[in-house]
Amino acid sequence: MRQKRVPMRMCTGCGEMKPKRELVRVVKGPDQKDADGNIIQAGEVSLDLSGRKPGRGAYVCRNVDCLRAARKARRFEKAFSCKIPEKVYDRMEEEIQP
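Residues numbered from 1 in each chain as written. Predicted model: local features only at pLDDT ≥ 70, side-chain atom pairs only at ≥ 80, totals over all residues. Heavy atoms only, no water.

### Topic: the packing of aromatic side chains
Then step 1. Taken as a whole, this structure holds two aromatic pairs when the rule is applied.
Then step 2. Centroid distance phenylalanine 76 to phenylalanine 80: 6.3 Å. Interplanar angle 15 degrees. Geometry classified as stacked. Linking phenylalanine 76 with phenylalanine 80, this pair stays in helix 2 (residues 75-80), spanning four residues, or about one helical turn. Of the two residues, phenylalanine 76 and phenylalanine 80, both sit in the buried class.
Then step 3. Ring geometry for phenylalanine 76 against tyrosine 89: centres 6.5 Å apart, planes inclined by 40 degrees, an arrangement best described as tilted. In this pair, phenylalanine 76 sits in helix 2 while tyrosine 89 sits in helix 3 (residues 86-96), placing the two residues 13 residues apart along the sequence.
Then step 4. According to the relative accessible area criterion, tyrosine 89 is buried, its value standing at 2%.
Then step 5. Put simply, the rings of Phe76, Phe80 and Tyr89 touch in pairs and so form one group of aromatic residues. (Phe/Tyr/Trp six-rings, centres within 6.5 Å; stacked < 30°, edge-to-face > 60°. Helix = DSSP H or I, 4+ residues; strand = E, 2+ residues; numbered from the N terminus. Buried < 20%, exposed > 50% of the residue type's maximum accessible area, 1.4 Å probe, protein only.)

Quick look at the structure:
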């Protein structure tokens, strides 16, 4: 019988490829647009512990050090093409810590 393929993702903090289940997804929700297609409100950046939220995702280890490395190098801002406020990073650190 064939073995199931394990989906691998790269951590934005340390850059290591790991199984998807070992990582936490950080998601930028879809932008809200008006009838003309202009952006009214940018999507919210948050942790997606279930892995089911809609939007653009990036992955990070369940380790505060990896989150801090990604924050320092602005890797989430590059992945999502938007500025991320410091309070969002602080909230993500609180949620990741055991």
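### A word on the layout of surface pockets
Then step 1. Considered as a void within the structure, the largest pocket measures approximately 340 Å³ in volume.
Then step 2. Along the wall of the largest pocket there are 13 residues; nearest its centre are Lys20, Arg21, Leu49, Ser50 and Gly51.
Then step 3. If one sorts the elements of the lining of the largest pocket by residue count, strand 3 (residues 23-28) sits on top with three residues.
Then step 4. Residues belonging to the lining of the largest pocket are distributed by class as follows: five nonpolar, two polar and six charged. (1 Å grid on protein atoms, 1.4 Å probe; cavity = no way out; pocket = protein on both sides within 12 Å on 5 of 7 lines; lining within 4 Å. Points joined across faces, edges and corners; volume = space filled by probe spheres on them. Nonpolar A, V, L, I, M, F, W, Y, C, P; charged D, E, K, R; others polar.)

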